[in-house]
Amino acid sequence: MNRSASEPPDPESTASSSGMGRAEGSANPGRSSREPSAGDDGTSWRQLAMRMVQAQLRSRDIRDEAVLEAMSRVPRHRFVGRIDLEAAYADRALPTLEGQTISQPYMVGIMTQLLQVRPGHRVLEIGTGSGYQAAILAEMRAKVISIERIASLARAAEQRLVSLGYGDRVTVVQGDGSVGIRALLDLSMPDEGGAEPPQPFDRILVTAGAPSFSDELLAQLADPGRAVVPIGSRAEQVLHVYELRDGTLSETTCVPCRFVPLIGERGWAD
Ligand code: SAH
């Protein structure tokens, strides 16, 4: 899928992905006493989020209404630390802790749209980061397992997701997601021979730059299933979309992007 926007996404905004979905059920972001209620000119975060959707997503090539709606409902400012409310909704990636980034809204939108998430889908995300992408997927009523390599980020993201009401739909796991989830479960349950292996995932989303779509990840994709992975060098990648159907894997390439590197056994060296 090609980006038709006249204004290309800021390449710096790479590392993140998310989509939008319908805000139904228990997820109830935006009701926290800790959150700033308005920007300098009195604009509420909901207004900023809706403006972001209109100016940065709808006006480009994000057409999936579920994605657009989810992105208007997730309080992005809660994922970006202590910055100005309006900056949280700006057209760029932002730094988070530990030298990582939260992707530009457009990159989150395009990745989530490409993923074609539907309610009830089991989604595996590699690279939890701030948890913003996972929240978007949860808004779309997917069941998400998200893996983050850096323990402090995994903990912070999990707490944030729980406090925003997404705890029942997102599970954050700390570890190397370049090989997916099974190896992690094997490690944590060495003596439970009877443990059920996890079901394959309807969708897999990698939000760090990978050298390839690893065999281990492919083995965890359901059939039919879909995966979106930024693949390329350590410095820059192209979004790849994989579709598995009747045992056949097809691959298409999409927009150029720049994510922080996927570090791990099937990623890059630390
Ligand atoms: N999706 C995130 C942004 C991801 S930034 C968001 O919405 O905020 C990329 C993240 O991938 C970083 O937090 C980085 O620590 C993590 N990462 C890198 N290699 C990883 C690996 N092998 N397994 C899991 N996470 C990894």
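Each remark here, short or long, concerns the structure printed above.
These remarks concern the structure in this document. Numbers given for residues are sequential positions, taken from 1 along each chain in its written order. Local features in a predicted model are, by the rule used here, given only for residues with pLDDT of at least 70; side-chain atom pairs are given and counted only at 80 or more, and totals for whole chains, interfaces and linings are based on all residues. Here the side-chain values reflect all heavy atoms present in the structure, with hydrogen atoms and water set aside.

**A closer look at the packing of aromatic side chains**
Stacked, tilted and edge-to-face pairs are distinguished by plane angle, under 30 degrees for stacked and over 60 for edge-to-face with tilted covering the rest, among Phe, Tyr and Trp rings (Trp via its six-membered ring) whose centres lie within 6.5 Å. One pass over the structure, following the stated rule, counts two aromatic pairs. Centre to centre, the rings of phenylalanine 79 and tyrosine 132 are 5.5 Å apart; their planes meet at 70 degrees, and the pair counts as edge-to-face. Placement of phenylalanine 79 in the loop between helix 2 (65–73) and helix 3 (85–88) and of tyrosine 132 in helix 5 (residues 132–139) is noted, with a sequence separation of 53 residues between them. For every residue, the accessible area obtained with a 1.4 Å probe (protein chains only) is divided by the maximum for its type, and the residue is called buried under 20%, exposed over 50%, and partly exposed between those limits. Of the residues examined, tyrosine 132 reaches a relative accessible area of 1% and is grouped as buried. Ring centres of phenylalanine 213 and tyrosine 242 lie 4.6 Å apart, and the angle between their planes is 25 degrees; on these two criteria the pair is classed as stacked. Of this pair, phenylalanine 213 sits in the loop between strand 6 (201–206) and helix 8 (215–218) while tyrosine 242 sits in strand 8 (residues 237–245), and the two are 29 residues apart along the sequence. Considered together, phenylalanine 213 and tyrosine 242 belong to a single accessibility category, that of buried residues. Two conditions define a charge located above a ring, namely a distance within 6 Å from the ring centre to NZ of Lys or CZ of Arg, and an angle within 35 degrees of the ring normal. Stacked on the ring of tyrosine 132, the Lys or Arg arginine 76 has its end atom at 5.0 Å from the ring centre. Seen from the ring of phenylalanine 201, arginine 122 lies directly overhead, with NZ or CZ sitting 4.9 Å from the centre. Helix and strand definitions follow DSSP, with helices as H or I runs of at least four residues and strands as E runs of at least two, each counted in order from the N terminus.

**So, the sheet that holds strand 3 (residues 122–126)**
For two strands to be treated as a pair, DSSP must find no fewer than two bridges joining them. Read across the sheet, seven strands follow the order 5-4-3-6-7-8-9 without closing on themselves; strand pairing throughout is mixed. The open sheet has two edge strands with one neighbour each: strand 5 (170–174) and strand 9 (248–257). Taken over all neighbouring pairs, the strand axes of this sheet differ in orientation by 15 degrees on average, direction set aside. In terms of strand pairing, strand 3 meets strand 6 through four bridges, oriented parallel. Convention adopted: a line fitted to C-alpha atoms gives each axis, helices being fitted over their contacting stretch, and angles between N-to-C directions are expressed from 0 to 180 degrees.

**Overview of the environment of leucine 249**
Tracing the chain through its elements places leucine 249 in strand 9. Residues leucine 249 and arginine 226, spaced 23 residues apart in sequence, show a C-alpha to C-alpha distance of 9.4 Å. Should any heavy atoms of two residues lie within 4.5 Å, those residues are counted as being in contact. Here leucine 249 is in contact with Leu218, Tyr242, Glu243 and Leu244, once residues within four sequence places are set aside.

**Overview of the nonpolar core**
Put simply, a nonpolar core is a bunch of buried Ala, Val, Leu, Ile, Met, Phe, Trp, Tyr and Cys residues held in one set by side-chain atoms that sit within 4.5 Å of each other. Ranked by internal contacts, the top residues of the largest apolar core, which has 52 residues, are Met71, Ile110, Tyr132 and Leu239. In terms of residues, this core owes the most to one element, helix 4 (residues 105–115), which gives seven residues. Within the second largest apolar cluster, 18 residues are counted, among which are Leu124, Ala208, Ala227 and Leu244.

**Points about the packing of helix 2 against helix 5**
At a minimum axis separation of 9 Å, helix 2 and helix 5 run at an interaxial angle of 120 degrees. Taken together, the axis directions place helix 2 and helix 5 in an arrangement best described as oblique. Helix-helix and strand crossings are classified by hand; for helix 2 and helix 5 the assignment is right-handed. On the side of helix 2, the interface is formed by Ala70, Met71 and Arg73, while helix 5 contributes Tyr132, Ile136 and Glu139. Roughly parallel refers to an angle under 35 degrees, roughly antiparallel to one over 145, roughly perpendicular to one between 65 and 115, and oblique to any angle outside these ranges. Should the near helix be turned anticlockwise from the far one by less than a right angle, the crossing is termed left-handed; should it be turned clockwise, right-handed.

**Remarks on the pairing of strand 3**
Every regular strand shows the same layout, with side chains that alternate between the two sheet faces. Burial analysis of strand 3 places four of its five residues in the buried class, which makes it a mostly covered element. In this sheet, strand 4 (residues 143–148) lies alongside strand 3 in parallel orientation, the contact comprising five bridges. Opposite leucine 124, over in strand 4, you have isoleucine 145 as the bridge partner. Handedness of a crossover is defined as follows: orient the strands so they point away from the viewer, and if the path from the first strand over the helix to the second runs clockwise, the crossover is right-handed. Viewed along the sheet, the connection from strand 3 through helix 5 into strand 4 turns out right-handed.

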